[in-house]
Amino acid sequence: MIGLISATAAGAAARDRLAAAWPDRTRVYEGPVGDAVRAAFAECEQLVCFLATGAVVRLIAPLLGDKSADPGVVSVDEGGRFAVSLVGGHGGGANELAREVGGLLGAEPVITTATDSVGLAGLDTLGLPVEGAVATVSRALLDGEPVALEAELRWPLPALPVAARGAYTIRVTDRAVEPGEREVVLRPPSLVVGVGASKGAPVEEVLELVEGALRDAGLSPASLAELATVDAKADEPGIVRAAERLGVPLVTYPAEELAAVDVPNPSEAPLAAVGTPSVAEAAALVRGGELLVPKRKSAASPAMATCAVVRRPARGRLAVVGLGPGARDLLTPRAEAELRRASVLVGLDQYVDQIRDLLRPGTRVLESGLGAEEERARTAVAEAREGQAVALIGSGDAGVYAMASPALAEASDDIDVVGVPGVTAALAAGALLGAPLGHDHVSISLSDLHTPWEVIERRVRAAAEADLVVTFYNPRSRGRDWQLPKALAILAGHREPATPVGVVRNASRPDESARVTTLAELDPATVDMMTVVTVGNTATREIAGRMVTPRGYRWQEEPK
């Protein structure tokens, strides 16, 4: 919960905007400011104080205890110009909260933690349990000291400026090892414990069994991802409460699915009871992995619980990111977040240059020139299969005539794939032209490098006959100068010569240009590959120099 505190009418107005936007996340504290801050500090995970920074410092100073437990505190000035991450930037989430508050209120987030200031990923912000000398190793990274990454498990981490060897170490492991003086240990959620239990098995017996299995195998409970069992035990109190106390989800599977899993220690007892010869081992192994602890029984007599431990392989992550048409302010916040999250960036060299400044130090960049789309797709998928966090970038929307199709054609279900939408050229051009896409519309690429012209022509004819607004991508190049005139001629057979046509070049970039002409007057020679051509339908009109397609034909009926 986020506590909201204000002292003036201006602060209360901004406070109420935040409360209205986040009704389930926030709680407004009224009354004297000192009392409100003390109450919110004790009851909430985070605070947003609409007060002067100095005032907030004085109010919270006596309340501060340990940075690992204190709430994150953000201070917003009376004018709503700045959202200052004051306390708990990493551990309390104040840095991210400042960005969120700034985005909602139009305030500039002010973040002064050292790693964030220089673009480094904070070791305590990676979403993994972390142990050891976080401050010491972070300082070494900031100072450019060699820090070695020892990844016993491949895991999709953000970029870190690490070396092959160093006096400092970042270790990625699920083993129960103690960090050294100059070492940070990251605990990936790699372990799954399958659990079987008789009806009425006590939670203490289940917990003791699970914790003992991990301890005896030298594994860290911090890397436990989930408990798994058969559907028939989904409501078994001992298992349900054990998962709750361990702080992990309980995942269940149908008996017939578990029965198909090959296990080393099948048994007749669970087969008779729940319909599968194995619960613990099968539930742990059903999604693949390495069996680290075979089925073992609890120490009680009679034993009422069994468990098995499996290490699941890390799944690499591929984010297919649309960068938009080129302007930085049309790059979405989600796209920026994915660029910061990636340890490997794959893309066309000119697109990489657009966003190179957003990459974290240590990001490995794999760039190539025009005409290598399939190669880039294969490279990105291969890197993800190696357990990396990969961002594959394309202009506009990556799913529209861009990199998503070849990448997903290469990818299988052994990696996680995330699509990040972007503003595609048709939308960027449409915004400059007016409202040409106000009714049904279609986008057609005139490039016949990958699609036979016969197919393209059939699609153009269908759009012409259906009276759809048409946006042409890849309309004309030096080697393809006849396709656009041919397509326009097809449309001209179904539309008036005065039909509005929008021509936009380099939409949203410094040298952008946009003009409205007609189907009869458009000169194809003025069009190139950086241009988008939008041809209106029979209802499209030019109004005050803008293309407008009404939302419905009935709106155009003459009054009787």
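Scroll up for the structure.
Quantities reported herein were computed from a predicted structural model and do not represent experimental measurements. (Residues numbered from 1 in each chain as written. Predicted model: local features only at pLDDT ≥ 70, side-chain atom pairs only at ≥ 80, totals over all residues. Heavy atoms only, no water.)

K.L.:
So what exactly am I meant to see when it comes to the packing of aromatic side chains here?
P.N.:
The relative placement of two aromatic rings is captured by the distance of their centres and the angle of their planes. The tally for this structure, following the rule as stated, stands at two aromatic pairs. In this arrangement the basic side chain of arginine 25 is found over the ring face of tryptophan 22, its NZ or CZ atom lying 4.3 Å from the centre. (Phe/Tyr/Trp six-rings, centres within 6.5 Å; stacked < 30°, edge-to-face > 60°. Lys NZ or Arg CZ within 6 Å of the ring centre and 35° of its normal.)

K.L.:
Explanation requested: unusual backbone geometry in the structure shown.
P.N.:
Residues apart from glycine generally show negative phi values, whereas peptide bonds are mostly found in trans. Backbone torsion omega between serine 301 and proline 302 reads 0°, so that peptide bond is classified as cis. Within the secondary structure, proline 302 sits in the loop between strand E14 (290–297) and strand E15 (305–311). The backbone of aspartate 467 shows a phi angle near 60°, a positive value even though the residue is not glycine. Its place among the elements puts aspartate 467 in the loop between helix H17 (453–465) and strand E23 (469–473). Residue class for aspartate 467 comes out buried when judged on its relative accessible area of 16%. Even without being a glycine, asparagine 506 presents a positive backbone phi close to 55°. Topologically, asparagine 506 is positioned in the loop between strand E24 (500–505) and strand E25 (513–518). Using a relative accessible area of 8% as the deciding quantity, one classes asparagine 506 as buried. (Helix = DSSP H or I, 4+ residues; strand = E, 2+ residues; numbered from the N terminus. Buried < 20%, exposed > 50% of the residue type's maximum accessible area, 1.4 Å probe, protein only.)

K.L.:
Teacher, can you tell me more about the nonpolar core here?
P.N.:
Inside soluble globular proteins, nonpolar side chains tend to come together where they are buried. In this structure, Val193, Val195, Val206, Val210, Leu214, Leu227 and Val309 are the most contacted members of the largest nonpolar core, which totals 23 residues. Every element with two or more residues in this core is listed here: strand E11 (191–197), helix H7 (203–216), strand E12 (224–230), helix H8 (237–246) and E15. In terms of residues, this core owes the most to one element, H7, which gives seven residues. With residues near it in sequence (within four places) discarded, valine 195 still touches Val206, Val210, Leu227, Ala228, Thr229, Ile239, Val279, Ala280, Thr306 and Cys307. Judged by nonpolar contacts, the second largest core, of 21 residues, contains Ile444, Ile456, Val470 and Leu491. (Core = buried A, V, L, I, M, F, W, Y, C linked by side-chain atoms within 4.5 Å. Contact = heavy atoms within 4.5 Å.)

K.L.:
What is the right way to read the pairing of E11 from this model?
P.N.:
The side chains of a regular strand alternate between the sheet's two faces. Counting buried positions over the seven residues of E11 gives seven, a clear majority of the element. Of the strand pairs in this sheet, E11 and E12 are connected by four bridges, and their pairing is parallel. What sits directly across from glycine 194, in E12, is alanine 228. One crossover worth recording links E11 to the parallel E12 by way of H7, and it is right-handed. Bridge analysis of E11 against E15 gives seven bridges, and the strand direction is antiparallel. By the bridge assignment, leucine 191 is partnered in E15 with arginine 311. (Pairing = 2+ DSSP bridges. Right-handed = clockwise from strand over helix to strand, strands pointing away.)

K.L.:
For this particular structure, what's the right way to read the pattern of salt bridges?
P.N.:
If the charged atoms of two oppositely charged side chains come close together, the side chains can form a pair. Counting across every chain of the model gives 31 salt bridges. Note that arginine 171 and glutamate 152 form a salt bridge whose closest N and O atoms lie 3.3 Å from each other. Separated by 19 residues along the polypeptide, arginine 171 in strand E9 (residues 168–172) and glutamate 152 in the loop between strand E8 (147–151) and E9 bring together distant segments of the chain. One salt bridge connects arginine 461 with glutamate 457, and the closest N-O pair in it is separated by 2.9 Å. In this pair, arginine 461 and glutamate 457 both sit in helix H17, four residues apart, roughly one turn of the helix. Classification of arginine 461 by relative accessible area gives partly exposed; the value is 37%. Salt bridges sharing partners connect three or more residues here, namely Glu150, Glu152, Arg171, Arg175 and Glu183. (Salt bridge = Lys/Arg side-chain N within 4 Å of Asp/Glu carboxyl O.)

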